[in-house]
Amino acid sequence: MENKTSILNLTEDEFVHPGNRACAGCGLGIVYRTALKALGKNTILVVPPSCLTVLQGLYPIAAAKLPCLNVTFASTGAAATGVRAAMRSLKKNDVNVVAFAGDGGTGDIGIQALSGACERGDDILYICYDNEAYMNTGVQRSGTTPQGVVTTTTPITGKLQSKKDVPSIVAAHKIPYLATASAAYPLDLYDKVKKAASIKGPRYIHVHTPCPPGWGFEPRYTIKVGKLAVETGLFALYEMENSQLRLTGPSKKMLGKPRLPVTDYFKSQHRFYSLGNDLINDLQAQVDHAWDAYVIHQ
Ligand SMILES: Cc1ncc(C[n+]2csc(CCOP(=O)(O)OP(=O)(O)O)c2C)c(N)n1
Ligand code: SF4
Ligand SMILES: [Mg+2]
């Protein structure tokens, strides 16, 4: 899928009020605003505890103009299924039911409810914004925290384990639509959410979402840091339909061309400060290997 939407024809509809409780430069602010623009007013959100609950706030001073159900951490996928069932019994079949959760709420604590909804074929869209740690509670490591990253629960040496590949876990359910996206490429995200909203059944979008205080960079570099993740090949943008993976947008343009070294990305954030040369070389080799496979399969 190539970008159909440009800044010239992007809708002026807004579903997030100006002013909210997110930190300056928060990537989630971009992801949330963009996704809601694509979804439109006929949408019900389901959100577990996270920075998003803080960003949104509570009625009557909520930052969002759409109805939202705040649910427990482990239940997001099941709660979205319940909202869909309620809409069906009310004969409101044109409503987007959208679970919107962080990486901890998706890949760790909520994974069984997400898996259940995908396996049952429930008609929901699940958007995971991946800021690569439990940010809301003070930067604890999550399953999707990359290897070597220093968090408050992985001090000194950084995280010992690899980043959990949540999109691949979800893809194993063979759902009709799955995509990855980045806060640094909002129009690509917009088109993917629009497309997902037009498809029936379980759909999943995993969005790489830079977080200035959690990752250790100045708020003005949010887009730059997000783009570096893509340009180094560490985070690939793709869509999967009928289990066929297809690189999209900037990642597609990188096929067969030299990529920036992963160190460009690591140097842009304080959280990578304890990476040693052996691990850097290993991580570069992993990226090179993944991209060799993309070249073969495109
Ligand atoms: C069962 C349960 N455990 C722990 C918490 C505390 N808690 C609230 S938000 C949060 C972090 C969520 O992390 P993530 O899903 O990655 O979203 P982020 O905060 O990074 O936006 C935690 C641990 C909780 N609310 N409920
Ligand atoms: S901690 Fe990170 S994800 Fe949470 S509001 Fe602040 S910038 Fe956004
Ligand atoms: Mg998180």
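The structure under discussion appears in the preceding block.
All of the points below concern the structure found in this document. All values derive from a computational prediction rather than experimental measurement.

Cut-offs used in this document
Residues numbered from 1 in each chain as written. Chains lettered and ligands numbered in written order. Predicted model: local features only at pLDDT ≥ 70, side-chain atom pairs only at ≥ 80, totals over all residues. Heavy atoms only, no water. Helix = DSSP H or I, 4+ residues; strand = E, 2+ residues; numbered from the N terminus. Rg over C-alpha atoms; globule rule 2.2 N^0.38 Å. Buried < 20%, exposed > 50% of the residue type's maximum accessible area, 1.4 Å probe, protein only. Contact = heavy atoms within 4.5 Å. Areas by Shrake-Rupley, 256 points an atom, 1.4 Å probe, with all protein chains shown as cover. Pairing = 2+ DSSP bridges. Axes fitted to C-alpha atoms, helices over the stretch in contact; angles between N-to-C directions. Donors = N, O, S within 2.8 Å, 3.2 Å for Na, K, Ca; no water. Right-handed = clockwise from strand over helix to strand, strands pointing away. Salt bridge = Lys/Arg side-chain N within 4 Å of Asp/Glu carboxyl O. Near = heavy atom within 4 Å. Nonpolar A, V, L, I, M, F, W, Y, C, P; charged D, E, K, R; others polar.

**Observations concerning the overall build of the protein**
Link 1 in the chain: Regarding its fold elements, the protein presents 12 helices and 8 strands.
Link 2 in the chain: Here the protein has a C-alpha radius of gyration of 18 Å; the compact-globule value for 298 residues is 19 Å, and the two agree.
Link 3 in the chain: Projected onto its principal axes, the C-alpha positions of the protein cover 60 × 40 × 40 Å.
Link 4 in the chain: When the 298 residues of the protein are sorted by exposure, 52% land in the buried category.
Link 5 in the chain: A sequence separation of at least 24 residues applies to 69% of the contacts in the protein between residues at least 6 apart.
Link 6 in the chain: Carbon together with sulfur atoms contributes 59% to the accessible area of the protein, which is approximately 13300 Å² in total.

**Let's talk about helix α9 (residues 222-231)**
Link 1 in the chain: For α9, the set of buried residues is T222, V225, G226, L228, A229 and V230.
Link 2 in the chain: Buried residues along α9 sit in contact with α1 (27-39), β5 (177-182), β6 (203-208), α8 (212-215), α10 (249-254) and α11 (262-266).
Link 3 in the chain: Looking at the residues trailing α9, positive phi occurs at G233, about 85 degrees.

**Some thoughts on the sheet that holds strand β2 (residues 68-70)**
Link 1 in the chain: The 8 strands are arranged β2-β1-β3-β4-β6-β5-β7-β8 in an open sheet whose pairing can be described as mixed. With one partner strand each, in any of the chains shown, β2 and β8 (244-247) form the two edges of the open sheet. Averaged over all neighbouring strand pairs, the angle between strand axes comes to 20 degrees, with direction disregarded.
Link 2 in the chain: Relative to strand β4 (residues 125-130), strand β3 (residues 96-102) runs parallel, the two sharing 5 bridges. Bridge pairing links F100 to I127 in β4.
Link 3 in the chain: Sitting on the sheet, helix α3 (residues 76-89) is in contact with β1 (43-47), β2, β3 and β4, with an inclination near 165 degrees to β3.

**With respect to the coordination of the magnesium ion (ligand 3)**
Link 1 in the chain: Within the protein, D103 (OD), N131 (OD1) and A133 (O) serve as the donor atoms for the magnesium ion (ligand 3), at 2.0 to 2.1 Å.
Link 2 in the chain: Each donor residue of the magnesium ion (ligand 3) belongs to the same chain, with the gaps between them written as D-x27-N-x1-A. A133 matches N131 in its accessibility class, with the two residues each being buried.

**Some words on the pairing of β1**
Link 1 in the chain: Burial of β1 is extensive: 5 of the 5 residues sit out of reach of the surface.
Link 2 in the chain: Residue alternation in β1 divides its side chains into two sets, T43, L45 and V47 and I44 and V46, and both sets are buried.
Link 3 in the chain: The sheet contact formed by β1 and β3 spans 4 bridges and is parallel. Directly across from I44, in β3, lies its bridge partner V97.
Link 4 in the chain: At this point the chain moves from β1, through helix α2 (residues 51-56), to the parallel β2, and the crossover so formed is right-handed.

**A word on the pattern of salt bridges**
Link 1 in the chain: Applying the stated criterion to the full structure yields 17 salt bridges.
Link 2 in the chain: Residue R120 is joined to D122 by a salt bridge in which the shortest nitrogen-to-oxygen separation is 2.9 Å.
Link 3 in the chain: Classification of R120 by relative accessible area gives partly exposed; the value is 47%.
Link 4 in the chain: Owing to a relative accessible area of 14%, D122 belongs among the buried residues under this scheme.
Link 5 in the chain: Note that K195 and E241 form a salt bridge whose closest N and O atoms lie 3.0 Å from each other.

**Some remarks on the site of ligand 2**
Link 1 in the chain: In the neighbourhood of ligand 2, the contacting residues comprise A22, C23, C26, C51, N131, M135, C211, P212 and P213.
Link 2 in the chain: Considering only residue class, the shell around ligand 2 consists of 8 nonpolar, 1 polar and no charged.

All we've got here are geometric facts, nothing functional implied.
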